[in-house]
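Letter by letter, the chains look like this.
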Amino acid sequence: MPESTESARYESMPNDLEPLWMPFTANRQFKNAPRMLVAAEGMHYTTADNRQILDATSGLWCVNCGHARKEITEAVSAQVGRLEYGPGFQMGHPASFEFAARLAALAPGDLDHVFFTNSGSESADTALKIALAYHNISGNASRTRLIGREKGYHGVGFGGIAVGGIANNRKYFGSAFPGVDHLPHTHSLEHNAFTKGQPEWGGHLADDLERLVALHDASTIAAVIVEPMAGSAGVILPPKGYLKRLREICDTHGILLIFDEVITGFGRLGDSFAAERFGVLPDIMTLAKGLTNAAVPMGAVLVRKHIYDAFMNGPDNAIELFHGYTYSGHPVACAAGHAALDIYLNDGLFERAAELESYWIDAAFSLKDHAHVIDIRAMGLVGAVELEPIEGKPTARAFDAFLKCYERGVLIRTTGDIIALSPPLIVEKNQIDQIFDTIGGVLKEAA
Ligand code: PXG
């Protein structure tokens, strides 16, 4: 294809928007007034009408190093030319082993074995399957029950929606998976509104796991999965002591603890992982998004040594886990992952997020007295501004703010009536100001 035609394909408005069924999108509304992104660099997107949009959401919480990083582009294109694909079943290539070793070294404790997937959803399903299989091969085949949490998001696979706790993501799809139960969520405007950082109230909600153990018996429970900070539900930070308490109860009863760190991994909370930030070691950790800076899709599941070792008992020539994807450990994704990890470490981006935290929190709290703001939550470089829903029109107030911010050059994300913010970790202070000034202006006008 001549270059001019090719660039037209990627940089101008398409003739026909109809055939694409867009994910998690109001298709007809979008197609009536499309918001089309054609390029990106650093902190900004370029739109089809050639406007610069400040990215306050790292795409979908995933472009933590900022856009179009040259190091990643070069690593990816070199790998496509060197080995674009190699089978991952019964064959290997160096980049996946090297990347697994680097992730194991970065992860806390003995989370030292890595299973590669292609997305956060696949990571969640993989983690749940590993938990079930682990108990099965360890002589505890009755441990088949999985425990999630209300408002949890673990992607859209059947396992993920079974343990997930967002009604719209589950209600159309049958009972999904038998024997699942849920802990209560920890969101409370009554007790915790406008808390900076981790809330004081709610640590005791972890004790509900004891109630589920009493109800079902520990011998039936395989694992508990939670996001250390609930992202999709609107940035719900863990109450003080909550995660430690979950860890203790899991230890008491031989239940595996899974942290879904698809959003919290790679610096979002001012540390490599939430497990580090909160000082609680899970048995299994799921990753995706920032793993490759989203340049190539990839997910990963990290497991502690005793879990991997439990599988390594049969004959040497037996496949130990009947699970995997055509693209597990894809060479091009590994190349992107290596380059992203280099950037995180060389540029000190996790530390940068920690250093900016107090500036970020103060900037977020500058919106405290705006009309209809009923809560602000923030930590690391993540934050939420919760708005009072318009009576009879839930989500409308936040979506209106989303559209107006986009018109004014700032990309935010909304979930329900909550504005969720997660800028790339390269964000500058003046850009933080721009994000909250723009939102503040929009809220003031709408009031
Ligand atoms: N676990 C968690 C904690 C997530 O946040 C997934 C799993 C699934 O990842 P994949 O790669 O399969 O989408 C996610 C994804 C939002 C939003 O704005 C959140 C996600 C994805 C898209 C939008 O709330 N989280």
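Just so we're clear, the structure is a prediction, and the values are computed from it rather than from any experiment.

### Observations regarding the pairing of strand β15 (residues 418-421)
In summary, the side chains of a regular strand alternate between the two faces of the sheet.
Reasoning step 1: Both faces of β15 are covered, namely the face carrying Ile418 and Ala420 and the face carrying Ile419 and Leu421.
Reasoning step 2: Of the strand pairs in this sheet, strand β12 (residues 382-387) and β15 are connected by four bridges, and their pairing is antiparallel. Along β15, the bridge assignment pairs Ala384 with Ala420.
Reasoning step 3: With three bridges joining them, strand β14 (residues 413-415) and β15 adopt antiparallel strand pairing. Paired with Arg413 across the two strands is Ala420, which belongs to β15.
Reasoning step 4: Between β14 and β15, which follow one another and run antiparallel, lie two residues, and Gly416 among them has a positive phi close to 60°.

### Focus: the domain arrangement of the chain
Interface extent is often summarised as the accessible area lost during association of the parts.
Reasoning step 1: What the domain assignment reports for the chain is domain 1 (3-65 + 348-446) and domain 2 (73-346).
Reasoning step 2: The centre of domain 1, based on its C-alpha atoms, is set 26 Å off from the matching centre of domain 2.
Reasoning step 3: Taken residue by residue, the interface counts 32 residues in domain 1 and 26 residues in domain 2.
Reasoning step 4: Elements with a contribution of two residues or more to the side of domain 1 that touches domain 2: α3 (58-61), α15 (349-365), β11 (373-379), β12 and β15.
Reasoning step 5: No other element matches the seven residues that α15 contributes to the side of domain 1 that touches domain 2.

### Considerations on the sheet that holds strand β4 (residues 111-117)
Neighbouring strands of a sheet are bound in pairs by backbone hydrogen bonds; such pairs are parallel or else antiparallel.
Reasoning step 1: Strand order in the open sheet made by the seven strands is β4-β10-β9-β8-β7-β5-β6, with mixed pairing throughout. The two strands at the open ends of the sheet, each matched to only one other strand, are β4 and β6 (181-183). Neighbour-to-neighbour, the strand axes of the sheet open up by a mean angle of 25°, direction not taken into account.
Reasoning step 2: One ladder, built from three bridges, connects strand β8 (residues 256-260) with strand β9 (residues 284-287); its direction is parallel. By the bridge assignment for β9, Phe259 is matched with Met285.
Reasoning step 3: Across the face of the sheet, helix α5 (residues 94-106) comes into contact with β4 and β10 (299-304) while running at roughly 135° to β4.

### Considering the sheet that holds β15
Reasoning step 1: An order of β11-β12-β15-β14 is seen for the four strands of this open sheet, with the pairing classed as antiparallel. Taken across any chain shown, the strands that pair with only one partner, and hence form the sheet edges, are β11 and β14. On average, adjacent strands in this sheet sit at an angle of 20° to one another, irrespective of strand direction.
Reasoning step 2: α15 rests against β11 and β12 of the sheet, and its axis sits at about 175° to β11.
Reasoning step 3: Each of β12, β14 and β15 is contacted by helix α16 (residues 396-407), which is oriented at about 170° to β14, the strand it contacts most.

### Topic: the packing of α5 against helix α14 (residues 331-346)
Reasoning step 1: Running from N to C, α5 and α14 point in directions that differ by 35°, and their axes come no closer than 9 Å. As α5 packs across α14, the resulting crossing turns out to be left-handed. In this structure, α5 uses Ala95, Ser96, Phe99 and Arg102 to contact α14, whose residues at the interface are Pro331, Cys334, Ala335, Gly337, His338 and Leu341.
Reasoning step 2: Taken together, the residues of the contact of α5 with α14 sort by class into six nonpolar, three polar and one charged.

### Notes on the environment of Val235
Reasoning step 1: For Val235, the position within the fold is in the loop between β7 (221-226) and α11 (242-253).
Reasoning step 2: Residues Val235 and Ala384 lie 149 residues apart in sequence; the distance between their C-alpha atoms is 5.9 Å.
Reasoning step 3: Beyond its immediate stretch of four places on either side in the chain, Val235 contacts Met229, Arg377, Val382, Gly383, Ala384 and Ala420.

### Remarks on the nonpolar core
Reasoning step 1: Core analysis: the biggest nonpolar cluster contains 128 residues, and Val224, Ile284, Leu302 and Ala336 have the highest contact counts within it.
Reasoning step 2: When residues of this core are assigned to their parent elements, the largest contribution, 10 residues, is made by α14.
Reasoning step 3: Split by domain, the residues of this core number at least three in each of domain 1 (3-65 + 348-446) and domain 2 (73-346).
Reasoning step 4: Sequence-distant contacts of Val224, defined by excluding residues within four places in its chain, comprise Ile147, Leu209, Leu246, Cys250, Ile255, Leu257 and Ile258.

### Here we look at the site of the ligand
Reasoning step 1: Taken together, 18 residues form the shell around the ligand, and within it Gly120, Ser121, Gly155, Ser232 and Val262 come nearest.
Reasoning step 2: The set of elements that each furnish at least two residues to the shell around the ligand consists of α3, α6 (120-137) and β14.
Reasoning step 3: Here the shell around the ligand gets three residues from one element, more than from any other, and that element is α6.
Reasoning step 4: Taken together, the residues that form the shell around the ligand break down as seven nonpolar, eight polar and three charged.

### Focus: α11
Reasoning step 1: Over its 12 residues, α11 extends 17 Å from the first C-alpha to the last, a length consistent with the 16 Å expected when each residue adds 1.5 Å.
Reasoning step 2: Within α11, the full set of buried residues consists of Tyr242, Leu243, Leu246, Arg247, Ile249 and Cys250.
Reasoning step 3: Of the surrounding secondary structure, the elements contacted by the buried residues of α11 are α10 (208-216), β7, β8 and α12 (274-278).
Reasoning step 4: After α11 finishes, the residue Gly254 shows a positive phi value of roughly 65°.

### Quick notes on the environment of Pro297
Reasoning step 1: Assignment of secondary structure puts Pro297 in the loop between β9 and β10.
Reasoning step 2: On the basis of neighbour counts, which here come to 20 C-beta atoms within 10 Å, the residue Pro297 falls in the buried class.
Reasoning step 3: C-alpha of Pro297 to C-alpha of Ser119: the two residues are 178 residues apart in sequence and 6.2 Å apart in space.
Reasoning step 4: If we ignore the near neighbours within four places in the chain, the residues touching Pro297 are Asn118, Ser119 and Ala333.

Parameters and conventions
- Residues numbered from 1 in each chain as written.
- Predicted model: local features only at pLDDT ≥ 70, side-chain atom pairs only at ≥ 80, totals over all residues.
- Buried ≥ 20, exposed ≤ 12 C-beta atoms within 10 Å, placed from the backbone.
- Helix = DSSP H or I, 4+ residues; strand = E, 2+ residues; numbered from the N terminus.
- Pairing = 2+ DSSP bridges.
- Domains from an automatic or database assignment.
- Contact = placed C-beta atoms within 7 Å.
- Axes fitted to C-alpha atoms, helices over the stretch in contact; angles between N-to-C directions.
- Left-handed = near helix turned anticlockwise from the far one by under 90°.
- Nonpolar A, V, L, I, M, F, W, Y, C, P; charged D, E, K, R; others polar.
- Core = buried A, V, L, I, M, F, W, Y, C linked by C-beta atoms within 7 Å.
- Near = placed C-beta within 6 Å.
- Expected span 1.5 Å × (residues − 1).

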